[in-house]
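Residue strings, one per chain:
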Amino acid sequence: MVAIKHSGILVLLALLSGCAGTSIFQPYPFQAERYKQDAFLTTHQANSGAASSIFSDDELDGPDALLHLLERARVLQLKGNYQQSTQLFAQAIKRFEDADLEATLRLSGLAEQGSSLLLNDNSRAYRGAPYERLFVHLYQAMNYLAQDNKDAAAVEFRKLALEQKILLEQYEAEVAQAESRLMSERIDLNALSSQLQDPNSQLLSELKSSLQNAYAFYLSAVFWEAQGDLNRARIDYQKVMELRPDLSFIQDDIARVSGSSGPLHWAGSESNKGKGRVVIFYEQGFVAAREEARLAFPVGEGRLFSMALPAYAPSHIGSTKSLMLRDENREPIATSEPILNVSALAYKHYQEQIPMLLLRQALRAVAKHRLQEVSQDKMGLAGLFAANVFSLLSERADLRSWLTLPQGVQVLQFSLSQGEHELELVTDERIDPLKIQVQSGQTLVIRVFEANNQIRVQPFRL
Amino acid sequence: MKLGKYFVVIAACMMLVACAKDPVVSYGDAAAPETTSIGFGSTDLQSIAGAMVDELVSFPPIVSLTSQGKRPVVFVDKIQNKTTEHIDTESITDTIQTKLLQSGRFQFVDMTAVKAIKEQLVFQLESGMVDPAKTVAFGRQTGAEYMLYGNLASIEKRNSKVKDLYYKFTLKMVNLESGLMEWIGEKEIRKTAEKRFFSL
């Protein structure tokens, strides 16, 4: 009887500790749907009650707090609510930074580990992935740019550069191995053309681009060039070149800012006199969500073994569509090229987590097995049945990740004469008008976000 | 029954604990070292301002510039924030300005108040509400002779155990007429944060 009470109390405590609106029993991708829909609601629709209460404060206390902060901040940014989005991203950044310096073993963390042994991984607090952290700084920089605060945006871009560097250092061993393979098999180290055809260099690019964020580097480079810091711009363009050597304009960009007769700003070259620079980032879709792979089978004497692991569907790394820009006379100006595949970043992070995931799953299986044994000893068949049902229902894979991120990003750039222009954004499925005001010598960044057959266009002046 | 008794005692204790839920507030020493977190803090601000002012007033050419009761007119331009944190550099310049002015060797022109001063002068001279005999004359302000400006840069490094933050503050004084840099001072600060192995 005492043993029943003990195990019963343990179970009860575990259940009570995590119930309120978290992903312990409700898979996270299902919860994230409302954020994805809200991203496209206009303020009027939102106020009329269509999704007026999607933001509830309870969620900011549970284990998914960081995730909800990220989703809300992203959705608010897409809707143009830059100030609130800045505040939420700032809170998320603080959580990341506090987690950097947390002690290795925390007593308060034991309670959460304990409940995850009896329930599932969703009761552990969500810590965020390094690639998500990069996006936080990137989007925060865009928030500051939208509020015309270039100094604060510069701080975020510097923070971004630091985080990208730290991320690469964490994977030092893997990158060094790929680099040494490249060096040992390549004859001409300086020829840029060979870099595109060499399969080893492609592997190195692919490895680095599954870790680092080329979109962030390119926006950084454009920002620093607009600020006049051509050295930083050159470094960031070179990083983009390492990650995406197939971008058609990247070599021109590098050549321009590290010109043989001195570095040249965009507006300084002859062909761009009196023109403004426009860079369009085309974010599309939503990043692939994890899916659950379940397994349940009896293991003799009526006990049930169940397991649920997260996985990405084989088709998760989709390809991105390209965008063509047409001018007033329906003449094509430029076509976009892929620069970032976010699902690849997510998948790489998932691969890193698999060993620990399997270890925790094994420990959980042992704990639940013991629970079933004890229940059977003390309460006979009824106890065993209850323990089996509990074990089955509580086994849920950890499907949490930031799901309102785009699935992929493409970029295009061009220069236009000063004044107002009415252009057209053309994809395979739709044509949208784009009205922009170009100022001579100035850079304009436009972010086009398309998902669920809807589109949002936001300008950022640099 | 025994279990029931213990439960009541524990519940009573928890209720008592729940009563005292306000945080403890107290006043502290503004100049005491602050180590709440590794970012830029009040101690860094004070040490930078203090070091810069000491260096400036004891630099021999500046000493000769400010000797015999001469008080050169200075204006403070922006301190560029080149760090990875959102730092209000205006508070650093305010502290430096305060200390320098209070040392009695310099006079300052406040560029941040120019707009407000202009509005006030327009009000006095053009609104017709102020007695002309009691207005301030337009176009009689003193021009600055020197400019103070600088930047705050940082190098941040982090690995799985340690976070190291290094700040370098540089302040320069330039003669507006000759364009010569009369003085340059630098202050370096290093802060490290190590992860504990075990904590509550």
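The following paragraphs examine the structure supplied in this document. Positions within a chain are numbered from 1, following the residues in the order the chain's sequence is written. Chain letters start at A and ligand numbers start at 1, both assigned in the order the entries are written. Note on the predicted model: pLDDT of at least 70 is required for a residue's local features to be given, and 80 or more for side-chain atom pairs to be given and counted; whole-chain, interface and lining totals, by contrast, use all residues. Water and hydrogen atoms were dropped before computing side-chain values, which therefore reflect all heavy atoms in the structure.

Observations concerning the overall build of chain A
Next, step 1: The secondary structure listing takes helices from DSSP runs of H or I that are at least 4 residues long and strands from runs of E that are at least 2 residues long, numbered from the N terminus. Each helix and strand in chain A was counted, giving 15 helices and 12 strands.
Next, step 2: Looking at chain A alone, contacts between residues at least 24 apart form 72% of all its contacts between residues at least 6 apart.
Next, step 3: Under the convention used here, a 1.4 Å probe and the Shrake-Rupley method define accessible areas, while residue burial counts only the protein chains that appear. Taken as a whole, chain A presents about 20,700 Å² of accessible surface, with 54% of it coming from carbon and sulfur. Residue contacts are defined here by distance: any two heavy atoms, one from each residue, within 4.5 Å place the two residues in contact.

Considering the overall build of chain B
Next, step 1: Helix and strand counts for chain B stand at five helices and six strands.
Next, step 2: For chain B, the α and β elements follow one another from N to C terminus as α-α-α-β-α-β-α-β-β-β-β.
Next, step 3: Computed over C-alpha atoms, the radius of gyration of chain B comes to 26 Å, more than 25% over the 16 Å expected from 2.2 N^0.38 for 200 residues, which places it beyond the range of a compact globule.
Next, step 4: The principal-axis extents of the C-alpha atoms in chain B amount to approximately 90 × 50 × 30 Å.
Next, step 5: Considering only residue pairs separated by 6 or more positions, chain B has 66% of its internal contacts joining residues 24 or more positions apart.
Next, step 6: Accessible surface, chain B as shown: approximately 13,600 Å² in total, 59% of it carbon and sulfur.
Next, step 7: A distance of 9 Å separates the average location of the 24 positive side-chain charges in chain B from that of its 23 negative side-chain charges. The globule rule used for comparison is 2.2 Å times the number of residues to the exponent 0.38, while the radius of gyration itself is calculated over C-alpha atoms. Charged-residue counts in this description rest on Lys and Arg as positive and Asp and Glu as negative, His and the chain ends being excluded. Taken as the charge centre is NZ of Lys, CZ of Arg, CG of Asp or CD of Glu, depending on the residue.

A look at the pairing of strand E4 (residues 162-175) of chain B
Consecutive side chains of a regular strand alternate in pointing toward one face of the sheet and then the other.
Residue and element names in this part refer to chain B.
Next, step 1: For every residue, the accessible area (1.4 Å probe, protein chains only) is compared with the maximum for its type, and the residue is labelled buried under 20%, exposed over 50%, or partly exposed between those bounds. Across the 14 residues of E4, 12 count as buried, placing the element largely inside the fold.
Next, step 2: Taken together, the 13 bridges between strand E3 (residues 146-158) and E4 define a ladder with antiparallel strand orientation. Bridge assignment links Gly-150 to a residue of E4, and that residue is Leu-171.
Next, step 3: From the end of E4 to the start of strand E5 (residues 181-194), which pair antiparallel, there are five residues, and Gly-179 there has a positive phi angle of about 80 degrees. Any two strands are treated as partners once DSSP identifies two or more bridges connecting them.

Section: the interface of chain B and chain A
Next, step 1: If you look at the interface, chain B gives 19 residues, while chain A gives 22 residues.
Next, step 2: In total, chain B and chain A occlude about 1,900 Å² of area from one another, counting both sides; carbon and sulfur atoms represent 54% of this.
Next, step 3: Here a salt bridge means any side-chain nitrogen of Lys or Arg lying within 4 Å of a carboxyl oxygen belonging to Asp or Glu. Counting across the chain B and chain A interface gives four salt bridges.
Next, step 4: A salt bridge links A:Glu163 to B:Arg158; its shortest N-O distance comes to 3.1 Å.
Next, step 5: Counting of polar contacts relies on pairs of N or O atoms within 3.5 Å, with two restrictions inside protein: one atom must be capable of donating a hydrogen and the other of accepting it, and residues adjacent in sequence are counted only when both atoms are side-chain atoms. Counting across the chain B and chain A interface gives seven residue pairs in polar contact (both at pLDDT 80 or more).
Next, step 6: Broken down by secondary-structure element, the contributors of at least two residues to the side of chain B that touches chain A are strand E1 (73-82), E3 and strand E6 (198-199) of chain B.
Next, step 7: In this classification, the charged set is Asp, Glu, Lys and Arg, the nonpolar set is Ala, Val, Leu, Ile, Met, Phe, Trp, Tyr, Cys and Pro, and all remaining amino acids, among them Gly, are polar. Class assignment for the residues of the side of chain B that touches chain A results in five nonpolar, five polar and nine charged. Accessible surface is computed with a 1.4 Å probe, and the buried area is the amount of it that two parts give up when combined, taken over both parts together.

Re the sheet that holds E5(B)
Residue and element names in this part refer to chain B.
Next, step 1: Within the open sheet, the five strands sit side by side as E2-E1-E3-E4-E5. Their pairing is mixed. Each edge of the open sheet is held by one strand with a lone partner, namely strand E2 (107-109) and E5. Averaged over all pairs of adjacent strands, the angle between their axes in this sheet comes to 25 degrees, without regard to strand direction.
Next, step 2: One ladder, built from three bridges, connects E1 with E2; its direction is parallel. In the sheet register, Val-73 faces E2, and the bridge partner there is Gln-107. Note on definitions: angles span 0 to 180 degrees between N-to-C directions of axes, and those axes are lines fitted to C-alpha atoms, for helices only across the stretch in contact.

Re the packing of aromatic side chains
All names here are of chain A.
Next, step 1: Any two of the Phe, Tyr and Trp rings considered here, Trp counted by its six-membered ring, make a pair once their centres fall within 6.5 Å; the pair's planes then place it as stacked at under 30 degrees, edge-to-face at over 60, or tilted in between. Going through the model one piece at a time under the given rule, you end up with 16 aromatic pairs over all chains.
Next, step 2: Centre to centre, the rings of Tyr-312 and Tyr-350 are 5.3 Å apart; their planes meet at 85 degrees, and the pair counts as edge-to-face. Of this pair, Tyr-312 sits in the loop between strand E4 (304-311) and strand E5 (324-326) while Tyr-350 sits in helix H15 (residues 342-394), and the two are 38 residues apart along the sequence.
Next, step 3: The exposure class assigned to Tyr-312 is buried, which follows from its relative accessible area of 9%.
Next, step 4: Here Tyr-347 and Tyr-350 contribute two aromatic rings whose centre-to-centre distance is 6.0 Å and whose plane-to-plane angle is 35 degrees, an arrangement assigned as tilted.

Thoughts on helix H4 (residues 65-78) of chain A
Since there are 3.6 residues in each turn of an α-helix, residues three or four apart along the chain are aligned in direction.
Residue and element names in this part refer to chain A.
Next, step 1: In a regular helix each residue adds 1.5 Å, so 14 residues correspond to 20 Å; H4 covers 20 Å between its end C-alpha atoms and thus fits that length.
Next, step 2: Counting buried residues in H4 gives 14 out of 14 residues, a clear majority hidden from the surface.
Next, step 3: Downstream of H4 by a residue or two, Gly-80 has a phi angle that is positive, lying close to 90 degrees. Multiply 1.5 Å by the residue count of a helix minus one, and that product is the helix's expected span.

Considering the environment of A:Pro310
All names here are of chain A.
Next, step 1: Tracing the backbone shows Pro-310 in strand E4.
Next, step 2: Linking Pro-310 and Asn-81, residues 229 residues apart in sequence, is a C-alpha distance of 34 Å.
Next, step 3: Sequence-distant contacts of Pro-310, defined by excluding residues within four places in its chain, comprise Arg-290, Glu-291, Tyr-350, Leu-357, Ala-397, Asp-398 and Leu-399.

Regarding the packing of helix H2 (residues 42-58) of chain B against helix H4 (residues 89-102) of chain B
Two packed helices can be described by the angle between their axes and the distance between those axes.
Residue and element names in this part refer to chain B.
Next, step 1: Closest axis-to-axis distance for the H2/H4 pair is 9 Å, and the angle between their directions is 40 degrees. Taken together, the axes of H2 and H4 lie oblique to each other. Viewed along their axes, H2 and H4 form a crossing whose handedness is right-handed. Where H2 approaches H4, its residues Leu-45, Ile-48, Ala-49, Gly-50, Met-52, Val-53, Leu-56 and Val-57 are matched on the opposing element by Ser-91, Ile-92, Thr-95, Ile-96, Lys-99 and Leu-100.
Next, step 2: In terms of residue class, the contact of H2 with H4 is made up of 10 nonpolar, three polar and one charged. Under this scheme an angle from 65 to 115 degrees is roughly perpendicular, one under 35 degrees roughly parallel, and one over 145 degrees roughly antiparallel; angles in between are oblique. Handedness of a helix crossing follows the sense of rotation of the near helix relative to the far helix, less than a right angle counterclockwise being left-handed and clockwise being right-handed.

Description of the pairing of strand E11 (residues 443-451) of chain A
Residues and elements named next belong to chain A.
Next, step 1: Burial analysis of E11 places nine of its nine residues in the buried class, the great majority of the element.
Next, step 2: Here E11 shows a buried face lined by Thr-443, Val-445, Arg-447, Phe-449 and Ala-451 and a second buried face lined by Leu-444, Ile-446, Val-448 and Glu-450.
Next, step 3: Where strand E2 (residues 275-284) lies against E11, eight bridges are found, and the strand directions are parallel. Of the residues in E11, the one forming a bridge with Ile-280 is Ile-446.
Next, step 4: Bridging between E11 and strand E12 (residues 454-461) involves eight bridges; their strand directions are antiparallel. In the sheet register, Glu-450 faces E12, and the bridge partner there is Ile-455.
Next, step 5: Taken together, E11 and the strand that follows it, E12, pair antiparallel across an intervening segment of two residues, in which Asn-452 is found at a positive phi of about 50 degrees.

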